Amino acid sequence: MSGIDECLLEVMRLPGARGAAVVDWTSGLALGTIGESPNGDHEATAAETAEVARMAVEQPAFALSDPEPPTGPDENDVKDKGAAPPVEDVIITTRAGYHILRFVETAFDSSVFLHLWLDRSDGNLALARIRLGEMAKRLVLA
């Protein structure tokens, strides 16, 4: 288990990592940042990526986690606290890099994601996605 600072330091050890942040997608606030920001302003980047995350989570086309309707006594408990976000991650590719938004599951109402900005020529998208998933599982938010 690791905190935000330790998680961000670990993220920056990934090949091609240019910058990273832990962001609350409901408020758009950066809970922690490291490295560079694509537009030079970590807070603006956090707000912009939060918009993308919110769109992915709130749109039924992307947010359907199970095509079959729930059954049994828990069918009304879909929005219980602690439920995993319906989207696992969002990947955006640009000519110069990749942006990976990895949602973090928490014991409370999860609204946090890890944002990694990865250089396209030096980074390995598949490896970064796997490692971000591992880091998200270990991240402890207090």
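The structure we're discussing is the one just above.
Worth saying up front: this structure is predicted, and the values here are computed from it rather than measured. (Residues numbered from 1 in each chain as written. Predicted model: local features only at pLDDT ≥ 70, side-chain atom pairs only at ≥ 80, totals over all residues. Heavy atoms only, no water.)

> Help me out: how do you make sense of the pattern of salt bridges in this one?
Any two side chains of opposite charge can pair if their charged atoms end up close together. A complete count under the given rule lists 8 salt bridges for this structure. A salt bridge links Arg 102 to Glu 88; the nearest nitrogen and oxygen atoms lie 3.8 Å apart. Of this pair, Arg 102 sits in strand S4 (residues 97-104) while Glu 88 sits in the loop between helix H3 (60-63) and strand S3 (89-93), and the two are 14 residues apart along the sequence. The partner of Glu 88 in a salt bridge is Arg 129, and the shortest N-O contact between them spans 2.8 Å. Of this pair, Glu 88 sits in the loop between H3 and S3 while Arg 129 sits in helix H4 (residues 125-138); the two residues are 41 residues apart in sequence, bridging distant segments of the chain. Relative accessible area serves as the criterion here: at 45%, Glu 88 is assigned to the partly exposed category. With a relative accessible area of 31%, Arg 129 lands in the partly exposed category. (Salt bridge = Lys/Arg side-chain N within 4 Å of Asp/Glu carboxyl O. Helix = DSSP H or I, 4+ residues; strand = E, 2+ residues; numbered from the N terminus. Buried < 20%, exposed > 50% of the residue type's maximum accessible area, 1.4 Å probe, protein only.)

> Mind showing me how you'd approach the packing of aromatic side chains here?
By convention here, two paired aromatic rings are described through the distance between centres and the angle between planes. Applying the stated criterion to the full structure yields 1 aromatic pair. Ring geometry for Phe 103 and Phe 113: centres 6.0 Å apart, planes at 55°, overall tilted. Taken together, the residues span a long stretch of sequence, with Phe 103 in strand S4 and Phe 113 in strand S5 (residues 112-119) at a distance of 10 residues. (Phe/Tyr/Trp six-rings, centres within 6.5 Å; stacked < 30°, edge-to-face > 60°.)

> Mind showing me how you'd approach the side chain of Ser 37 here?
Mapped onto the secondary structure, Ser 37 falls in the loop between strand S2 (29-35) and helix H2 (42-58). Since its relative accessible area comes to 12%, Ser 37 is described here as buried. Within the structure, the side chain of Ser 37 is placed 3.2 Å from the backbone oxygen of Asp 41, a separation counted as a polar contact. If we skip the residues at most four places from it in the chain, Ser 37 touches His 42, Thr 45 and Trp 117. (Polar contact = N/O pair within 3.5 Å; in protein donor to acceptor, adjacent residues only side chain to side chain. Contact = heavy atoms within 4.5 Å.)

> Whenever I open this one, the sheet that holds strand S1 (residues 17-24) confuses me. Can you help?
Remark on secondary structure: sheet strands pair via backbone hydrogen bonds, oriented parallel or antiparallel. Here we have 5 strands laid out as an open sheet, ordered S2-S1-S5-S4-S3, and antiparallel in their pairing. Two strands close off the open sheet at either side, each with one partner strand: S2 and S3. If you compare each strand with its neighbour and ignore which way they point, the axes differ by 15° on average. Sheet topology note: the S1/S5 ladder contains 7 bridges and is antiparallel. Paired with Gly 19 across the two strands is Trp 117, which belongs to S5. Helix-sheet contacts for H2 involve S1, S2, S3, S4 and S5, and the interaxial angle to S2 is about 120°. (Pairing = 2+ DSSP bridges. Axes fitted to C-alpha atoms, helices over the stretch in contact; angles between N-to-C directions.)

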